[in-house]
Amino acid sequence: MRRLFFALIALGAAAAPALADEDFSKCEARYAAIGLPVLKSGGDPEPIAVCHQGYAVAFNPDSRVPYWVIERVPKAQLSGKAKRSNKFLPDPALGDASPVDADYRASGYDRGHQAPAGDFKSSQPMTNESFFFSNMAPQVGKDFNRGIWRILETDVRSWILCGDRPELYIITGPVFDEKEKWIPKGKQRVRVPDGFFKVIYDPTRKRALGMLLPNKALDTDTLPQYAVAIKTIEQRTGLVFFPALNKRSQTVLKSSKGILWGVDGSCQAGE
DNA sequence: CTGCCGCAC
DNA sequence: GTGCGGCAG
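Residues numbered from 1 in each chain as written. Chains lettered and ligands numbered in written order. Predicted model: local features only at pLDDT ≥ 70, side-chain atom pairs only at ≥ 80, totals over all residues. Heavy atoms only, no water.

Condition: UniProt positions are given in the numbering used here, feature names are shortened, and annotations may be inferred rather than shown by experiment.
Labelled according to an unreviewed UniProt entry, chain A appears under the name Endonuclease, originating from Rhizomicrobium palustre. Checking UniProt for chain A, the heading Sequence similarities (unreviewed entry) contains the comment "Belongs to the DNA/RNA non-specific endonuclease family." Looking at the Cofactor (unreviewed entry) heading of the UniProt record, one finds this comment for chain A: "Mg(2+)".

Following this line, the structure appears as structure tokens:
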């Protein structure tokens with residue numbers, strides 16, 4: 001009992017990391033080449049903008065998951081010795097609006113990273129920040145988050161690490177059906193997405209790829225069939241991607257259903 | 001928090 | 001072995 005008491009104190013002390021969030025203008029600058037995703041409706045409710053070193057978020061304070069999370073991943077960011085902290089922390093940038101561990105506990109859902117922890121191997125602070133709840137959404141664990149979704153994340157990294165792409169922009173977020181599902185466990189509920197998208201942009205080759213997967217157990221081998229036109233993701237989410245690109249480029253990039261990209265020969269992962 | 005466990009690749 | 005998690009102590 002005494003031991004548990006001290007453990008709780010230690011947890012409480014560690015829960016105030018005081019990792020300062022960056023001024024959001026820094027994120028606007030970092031993603032200026034393609035522009036941050038725009039909510040067609042203006043957002044209902046209005047998103048809370050969060051800027052961290054490795055990613056930016058438009059957080060929905062009602063559903064309490066992100067509208068979107070954007071990363072810009074240069075090759076050098078994928079190499080290093082940073083370790084997963086496994087400390088899922090309330091995001092200080094969200095204040096009281098941040099989900100907390102108790103909101104997910106015993107829900108049966110994983111606290112699923114939107115920007116994956118593995119995208120920040122070069123930096124322990126950036127890896128730690130990826131565990132903020134501003135970057136989480138409830139995901140089916142077995143055969144989704146730990147399966148096909150992880151494979152997708154690994155493939156994207158391999159396209160940078162092994163595919164002669166100096167960097168990629170990656171936007172990740174949830175999609176919802178009309179029928180609402182919520183985790184009612186915590187003091188504040190969290191909405192359970194019915195699916196997740198990734199929109200990936202290669203600024204060097206000027207190519208883009210959309211992926212849209214249902215939030216349920218899936219056969220890993222079926223990943224290619226979840227490629228969709230980015231236009232489809234826009235219709236489903238009410239988001240507009242790449243607002244800084246000219247109309248003609250946007251139309252071309254968003255109109256056709258893509259296929260998963262490849263990698264160079266002798267590189268690990270991929271497939 | 002630290003450690004150990006399962007699962008998939 | 002590596003990366004995604006959970007859970008016990």
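There's plenty left to go through after this.
**With respect to the confidence of the model for chain A**
Which entries qualify depends on this criterion: Every residue carries a pLDDT, the predictor's confidence in it, which falls somewhere between 0 and 100. Throughout, a residue-residue contact means that at least one pair of heavy atoms, one from each residue, lies within 4.5 Å.
When pLDDT is averaged along chain A, the result is 87; 89% of the residues meet or exceed 70. Segment residues 1-20 is flagged for pLDDT under 50; beyond a separation of four residues in sequence, or across chains, it makes 8 contacts in the model.

**Some points on the packing of helix α7 (residues 230-237) against helix α8 (residues 247-255)**
This is how it is decided: Geometry is summarised by axes, namely lines fitted to C-alpha atoms with helices restricted to the contacting stretch, and by angles between N-to-C directions that run from 0 to 180 degrees. Numbered from the N terminus, helices here are DSSP runs of H or I no shorter than four residues, and strands are runs of E no shorter than two. Each angle is binned into one of four classes, with values under 35 degrees roughly parallel, values over 145 roughly antiparallel, values of 65 to 115 roughly perpendicular, and all other values oblique. Only Asp, Glu, Lys and Arg are considered charged in this grouping, and only Ala, Val, Leu, Ile, Met, Phe, Trp, Tyr, Cys and Pro are considered nonpolar; every other residue, Gly among them, is considered polar.
Between α7 and α8, whose axes approach to 6 Å, the crossing angle comes to 95°. For the element pair α7 / α8, the angle class is roughly perpendicular. Facing α7, whose interface residues are I230, K231 and E234, α8 presents L253, K254 and S255. Of the residues in the contact of α7 with α8, the class split is 2 nonpolar, 1 polar and 3 charged.

**Section: the UniProt feature "active site" (unreviewed entry) in chain A**
Quick reminder of the rule: Throughout this description, buried means an accessible area under 20% of the type-specific maximum (1.4 Å probe, protein chains only), exposed means over 50%, and partly exposed covers the range between. Pairs of N or O atoms within 3.5 Å make up the polar contacts considered here, provided that, within protein, one atom can donate a hydrogen while the other can accept it, and that residues adjacent in sequence are counted only when both atoms are side-chain atoms.
The sites that UniProt annotates as "active site" (unreviewed entry) are H113. Residue classification places H113 among the buried positions, given a relative accessible area of 7%. Leave out the neighbours within four places in its chain, and H113 touches R84, F88, S130, F131, N135, M136, Q139, W149 and E153. At 3.4 Å, the side chain of H113 forms a polar contact with the backbone oxygen of S130.

**Observations concerning the nonpolar core**
So the rule is basically this: The criterion is simple. A nonpolar core is a set of buried Ala, Val, Leu, Ile, Met, Phe, Trp, Tyr and Cys residues joined through side-chain atoms within 4.5 Å.
L168, I200, M211 and L213 are the most contacted members of the largest nonpolar core, which has 33 residues in total. Going through the elements one at a time, β4 (65-74), β6 (136-140), α6 (148-161), β7 (167-175), β10 (195-202) and β11 (207-214) are the ones with two or more residues in this core. Among the elements that line this core, the one with the most residues is α6, at 7 residues. What I200 contacts, discounting residues up to four positions off in sequence, is V156, W159, L168, Y169, I170, R207, A208, L209 and W261. Y31, V228, F241 and L245 belong to the second largest nonpolar core, which has 27 residues in total.

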